[in-house]
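Next come the chains, spelled out residue by residue.
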There are 2 protein chains.
Amino acid sequence: MRVRVSPSAQNMNPQTTFDLATPALVIDCDALEQNLSAMSARHPGSKLRPHTKAHKCTEIARAQTKHGHTNFTCATPREIIGMAAAGVGSDFLLANEVLDARRLTALADVAKDMRVTIAVDSIETINAAVSAGLRDVLIDVNVGLPRCGVAPELAGQLADTARKADLTVRGVMGYEGHLMMVSSDEKRQQRVAESMLSLVRAAQDVGGEIISAGGTGTWNLHDNTGINELQAGSYALMDTQYAQLKLPFVQACFVVGTVISRSKDWLVIDVGLKSLSTDHGNPSVDGYDVLFCSDEHTTLVRKKDSGLPLANIGDKLFVLPSHIDPTMAMHSEAWVTRGEKILDCWKIDLRGW
Amino acid sequence: MRVRVSPSAQNMNPQTTFDLATPALVIDCDALEQNLSAMSARHPGSKLRPHTKAHKCTEIARAQTKHGHTNFTCATPREIIGMAAAGVGSDFLLANEVLDARRLTALADVAKDMRVTIAVDSIETINAAVSAGLRDVLIDVNVGLPRCGVAPELAGQLADTARKADLTVRGVMGYEGHLMMVSSDEKRQQRVAESMLSLVRAAQDVGGEIISAGGTGTWNLHDNTGINELQAGSYALMDTQYAQLKLPFVQACFVVGTVISRSKDWLVIDVGLKSLSTDHGNPSVDGYDVLFCSDEHTTLVRKKDSGLPLANIGDKLFVLPSHIDPTMAMHSEAWVTRGEKILDCWKIDLRGW
């Protein structure tokens, strides 16, 4: 006994955000444009290597190319393979260590037509690149975040090893992720400068032309650090954590939910842990405090100073995620809007690995 | 310039867990069977209405039917539509409030061949059910968790409203989610008894034959509460949060990662916030402490008392999620294993809404 899925189950052809089946990811196209413009004004062309891991969407990457950026940072082979297949971008950096022979071989296929550079931080990752037939690498240098990257003092030696294996060493990268949320501007600036000093010294030992680093939280702190490309990603869509830094980027991405239940003390919307990530704290909804998120729900209580009337069952509410990257990875599509009007639907087509 | 995706990029035909492209979700089939057996021994047949939201996988649901359960709990229309299309289960409860006319109409299509009952807790949800052509409802009663459900004292009145609208009221449901993690067994038992007292009183006002409640954390506390079906879901695969309760269910689901980087002080694996959920705390890895999780990575330091040697770059490590439900929703497939051997690949085919 097989049951057909009625086409009416699909989110067929919504005209406005009120028509959306929820939870639904929404991108405000004007806010996105504003963010892309603000970034490309300061870091034009190849000065920015936008990170696709923050959105996993070739249409957003395409918008970034229209702002002059054709070199991209990626976190997974899937992101590079998908970008290349979509014809978006021409120079890809896998800013991550990958050992998987099959995926690296697929990247070597892409590298026949486009430039593909991968980060290495060990003999093992160098050997994996060589075996797969890849040619271009960056030496990933640890600049203080306890994650990937070779110790700065060993970077030159690793570059020699890579060159002996006939790899082209294009330079270095380092990600000062531990400094993104240092709350004092002055302290953040100072610590970024210190961190980049170790990267630039490593770059002298390594050789090559690229010194790649940075993110949205340090986007304006690299004028004198010596890096020549910034790897920011979250700036395009933003989230409430980065909003704490008072950057010139605005919230461009929301999860729309429907009020499905209402008691005298709280509302429940159909947005939960499966449609947004809470690793950077609870999401935000204008006029409400979040009591808690569960798998399919978020319970909201009205802020004491809210002048807004309590929403009704069936009303749509816009939820701001606290962390954009893993939130994007939970959705297969995003609705592109201007005000209430829906203009387009973009696939989040770079998910997976 | 379009680039074809090489088939070698796919996780083609892995024979053992060592062959898996990572991150990869793995289900230990013997552990799963052990959990299903332990639960069905205590709650046979229709005494259990397994919750599909915990796994979103029709193959796991099929295994649950082999243990005698054919009535299922679902959190989304998609779960019911997918289960019905796969021919798994025959009586579905949407234990959640849904206002979406298109999805409810799709459920009414399913209800032509199978029994579909939906939870209602308001006039609005009753009206939505009627408009879509659905006939069977349960009154969702709030039993203490600040989420969905009508106040117990209003349940009878809402049932009358539903019946006047020609709906069949099959009974009540209530979810004591706020009590799942009460750490003292005695206190948990006592508070569940109190909570269910309000549900059973509401059931008397409502009428109908079903009194549905409970979850994995209260699976053995309902002998005398008066409920006649349990809605547990996490018991099948488990996670580290539920493991704190010393239940007779074992860990049956892992995310396998590869060590991609190693310094003298830590390891980095390619499992992060996009492949497991951390809303119930960091995941666990045998022999290691988790320093932190980021989008694509988890940094591990060796436990002081670990007798194990530090893993090497390229080694596979098994990561235990702290919260199974949102973790499952991040993966499109799970590899079914016995020891190191891979027996099957199951689609996580009930994702989405």
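Turning next to the relation of the copies chain B and chain A. Note on the identical chains: chain B maps onto chain A by a rotation of 180° and an axial translation of 0.0 Å, with an RMSD of 0.0 Å. Here the symmetry operator amounts to a two-fold rotation axis. Taken as a fraction of all interface residues of chain B, those also at the interface in chain A reach 100%, which identifies the copy contact as same-surface.

So, about the nonpolar core. By size, the foremost hydrophobic cluster in this structure holds 218 residues, and its most contacted members are A:Leu107, A:Ile139, A:Val172, B:Leu107, B:Ile139 and B:Val172. Apart from the residues lying within four places of it in its own chain, the contact partners of B:Ile139 are B:Val120, B:Val150, B:Ala155, B:Leu158, B:Ala159, B:Val169, B:Val172 and B:Val206.

Bringing the sheet that holds strand E4 (residues 115–120) of chain B into the picture now. To summarise the sheet geometry, strands pair through backbone hydrogen bonds and adopt either a parallel or an antiparallel arrangement. Residues and elements named next belong to chain B. Across the sheet, which stays open at both edges, the seven strands sit in the order E2-E3-E4-E5-E6-E7-E8 with parallel pairing between neighbours. Each of the sheet's edge strands pairs with one partner strand only, and the pair in question is strand E2 (71–74) and strand E8 (229–230). In this structure, E4 lies alongside strand E5 (residues 136–140), joined through four bridges in parallel fashion. Within E5, the residue paired with Ala119 across the bridge is Leu138.

Bringing the domain arrangement of chain A into the picture now. Residues and elements named next belong to chain A. Structurally, chain A comprises domain 1 (14–25 + 249–347) and domain 2 (44–231). In this structure, domain 1 and domain 2 have C-alpha centres spaced 33 Å apart. Opposite the six residues of domain 1 that make contact, domain 2 presents six residues. Tallying contributions element by element places helix H9 (residues 324–328) first for the side of domain 1 that touches domain 2, with three residues.

A few words on the sheet that holds strand E3 (residues 91–94) of chain A. All names here are of chain A. Judged by pairing direction, the sheet is parallel, and its seven strands sit side by side in the order E2-E3-E4-E5-E6-E7-E8 without closing on themselves. On the outer flanks of this sheet lie strand E2 (71–74) and strand E8 (229–230), each paired with one strand and no other. Here helix H7 (residues 185–206) sits on the sheet in contact with strand E5 (136–140), strand E6 (168–174) and strand E7 (210–213), set at roughly 170° to E6.

Contacts between the two partners involve 64 residues from chain B and, on the opposite side, 65 residues from chain A. The set of elements that each furnish at least two residues to the side of chain B that touches chain A consists of helix H3 (77–86), helix H4 (101–110), strand E9 (253–262) and helix H9 (324–328) of chain B. At six residues, H4(B) tops the list of elements feeding residues into the side of chain B that touches chain A. Residue classes in the side of chain B that touches chain A are distributed as 28 nonpolar, 19 polar and 17 charged.

The rules we used
- Residues numbered from 1 in each chain as written.
- Chains lettered and ligands numbered in written order.
- Predicted model: local features only at pLDDT ≥ 70, side-chain atom pairs only at ≥ 80, totals over all residues.
- Least-squares fit on C-alpha atoms with pLDDT ≥ 70 in both.
- Contact = placed C-beta atoms within 7 Å.
- Core = buried A, V, L, I, M, F, W, Y, C linked by C-beta atoms within 7 Å.
- Buried ≥ 20, exposed ≤ 12 C-beta atoms within 10 Å, placed from the backbone.
- Pairing = 2+ DSSP bridges.
- Helix = DSSP H or I, 4+ residues; strand = E, 2+ residues; numbered from the N terminus.
- Domains from an automatic or database assignment.
- Axes fitted to C-alpha atoms, helices over the stretch in contact; angles between N-to-C directions.
- Nonpolar A, V, L, I, M, F, W, Y, C, P; charged D, E, K, R; others polar.

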